[in-house]
Structure formats: C-alpha cells, structure tokens
Amino acid sequence: MQPIIKIESLSKKYKDAEMYSLNDVSLDINEGQIFGLLGPNGAGKTTLISMLCGLVKPTSGHFTIDGLDYQHQASKIKKIIGVVPQEYALYPTLTARENLHYFGSMYGLKGSDLKDKVIVALDLLGLLKFADKQVQTFSGGMKRRVNLIAGILHNPKVLFLDEPTVGVDVQSRNAIIDYLKELNQNGTTIIYTSHHLAEAEDFCDTIAILDQGQIYAQETPSILIESVKDARNLEDVFISLTGKALRDDI
Ligand SMILES: Nc1ncnc2c1ncn2[C@@H]1O[C@H](COP(=O)(O)OP(=O)(O)OP(=O)(O)O)[C@@H](O)[C@H]1O
C-alpha cells in the first residue's frame, strides 16, 4: 500500500539559525492512521507539521501527500488537508458561527451545505447553544473546540493538529478526542502533536518520538513500551529516549 504521506530526507534550517530544526527526517504515514508526533520543547514537531501544511518551506528533502508532490502540486494538497494550529486562528469579535462560516467559505463551502456543516459540528462538540456568542467571551476549552471545527469543515482526507488539547479541562479534552476518533473512523488520517503522553498512548495507533530534529523511534505505543526495559507507560519510554535534561533554549 502506498503511504498517504511519504517524507524523504526532509530538513529545515531557518534563516540565520545555527542548527537544523529538522535534520534528514524520513517517514511513511499510512492512510487511516492516527499518528502521534511526540518530543520535548524545540524538538522540531511544529516545524515538521508546518512544512507538511505548506506554511514553512523545506531547506532540502521531499514529501508527497496522497501522491501529490509538495513542490508542484501544493494547491491540490491544500484542498485535501485540514490544519488545526497551536495558536487560535479565530476572530474574537465574531461569533462562533460567523467565524466558522468565514473559515468554511475559505475552503470553498457555501450556502445550506456550509450552514448545515457548521450546525452539525457545533452540536457534536457541545457548542450549538453558544453559536451566536462572540468568541472572545468563550473559555479556553470552547475556543479550542471552535478552532478544531474551523480546520475540519471541508472534510479533509488528512488532518494536522498541533497540540489540539493544550490548556483545556478534562471535559473539553474528552470531547475533542472523541470527536477526532469519530473523524478517523470515517476515514480521516490524523497527524497530531502533544505533550500529553497518556492521551497520546490512548489515542494514537503509531507514535514517532522526535528530538533535536531527528526521529528516535517509530512504533505502536505498546511495542514502544515493550521495547524499553522496565517501562510502564509512554512517559517512561519518552524519558528513556530523550533524557531528563531541560530543553530551554532561545
Ligand atoms: N521561525 C523560526 N526561526 C528560527 N528558529 C525557529 C523558528 N521556528 C522554530 N525555530 C527553532 O526550531 C527548533 C524547533 O522548533 P519547533 O517549534 O519546531 O519545536 P517543537 O517541537 O514544536 O517545540 P514545542 O513543543 O515547544 O512547540 C527550535 O530550536 C526553535 O527555536
């Protein structure tokens, strides 16, 4: 089976940076996977996802998404992917519904199709009764859920999520994860980053551990745990592979 994402020797060195933020990464992600990209602060997770979404230009290397070449078919790739960034991409003074109509129309959705999709997603994520309230009045968990809907209204084949549950309570986290599992059941391939290792252990069928711009391991959560002596969970694996040193750097 041809992987839905095929990454070959991808590297990124930002302008004026001394080091590579991503260094010669090769990776295959299969259709239907929930693929977790884990790593300490500064490991290169956002850099990798941003390149795959077309937001950051690779320094070298190559990738395809659904067989489409990133250099020559970027506009076709944009149509089949969804992106949920770490930072909220919402307009605070617009209502949830207005925000979602705006983002949906950017993906080419319109009319009753767009209206219905917004209502269904707001309902599934417990936000329908707040549809006409300004987003600036929302809690962090509610904003995260609207941010998520903004990235999936066009029913993407491949969905990239950069820390979709950061800073939210358990209820919002569960609502987001349950919704993502349902999207995956309906055929969406998911690539996500997180610092929440227990969540990743439960949610992902494959995990790659990234550190200092390189992939250190790529396996199912259970095989990763079995492969490290005395590891009880993914956190033990993570510490064993990436160490205990703090990663503060500017
Ligand atoms: N625009 C940029 N210009 C220069 N260096 C950058 C830029 N963006 C990221 N970096 C550097 O690239 C490295 C990887 O950063 P990146 O944000 O990809 O890591 P991350 O794994 O997503 O971290 P976090 O978990 O903190 O979000 C870091 O050393 C970071 O300082």
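Just so we're clear, the structure is a prediction, and the values are computed from it rather than from any experiment.

Here is what the cut-offs are and how they apply
Residues numbered from 1 in each chain as written. Predicted model: local features only at pLDDT ≥ 70, side-chain atom pairs only at ≥ 80, totals over all residues. Heavy atoms only, no water. Near = heavy atom within 4 Å. Polar contact = N/O pair within 3.5 Å; in protein donor to acceptor, adjacent residues only side chain to side chain. Areas by Shrake-Rupley, 256 points an atom, 1.4 Å probe, with all protein chains shown as cover. Nonpolar A, V, L, I, M, F, W, Y, C, P; charged D, E, K, R; others polar. Phe/Tyr/Trp six-rings, centres within 6.5 Å; stacked < 30°, edge-to-face > 60°. Helix = DSSP H or I, 4+ residues; strand = E, 2+ residues; numbered from the N terminus. Buried < 20%, exposed > 50% of the residue type's maximum accessible area, 1.4 Å probe, protein only. Pairing = 2+ DSSP bridges.

(A) Inspection of the site of the ligand at higher detail. Near the ligand lie 13 residues; those nearest to it are Ser21, Lys45, Thr46, Thr47 and His195. Between the ligand and the protein, one listed contact pairs an oxygen atom with a side-chain N or O atom of Ser21 at 2.6 Å. With the chains in place, 61% of the 630 Å² that the ligand exposes on its own is no longer accessible. Classifying every residue of the shell around the ligand by side-chain character gives 3 nonpolar, 8 polar and 2 charged.

(B) Quick look at the packing of aromatic side chains. A complete count under the given rule lists 6 aromatic pairs for this structure. Summarising the aromatic geometry, the rings of Tyr91 and Tyr102 are spaced 5.4 Å apart at their centres and angled 90° between planes, so their arrangement reads as edge-to-face. Residue Tyr91 is found in the loop between strand S6 (81-84) and helix H3 (96-106), and its partner Tyr102 is found in helix H3; the two are separated by 11 residues along the sequence. We classify Tyr91 as partly exposed; its relative accessible area is 40%. Residue Tyr102 is classed as partly exposed on the basis of its relative accessible area of 34%. In textbook terms, an aromatic cluster arises when at least three aromatic residues are bridged by ring pairs, as seen for Tyr91, Tyr102 and Phe103.

(C) Quick peek at the pairing of strand S1 (residues 5-12). Of the strand pairs in this sheet, S1 and strand S2 (residues 22-29) are connected by 5 bridges, and their pairing is antiparallel. The residue of S2 that forms the bridge with Lys12 is Leu22. Alignment of S1 against strand S4 (residues 60-65), held across 5 bridges, turns out to be antiparallel. Along S4, the bridge assignment pairs Ile7 with Phe63.

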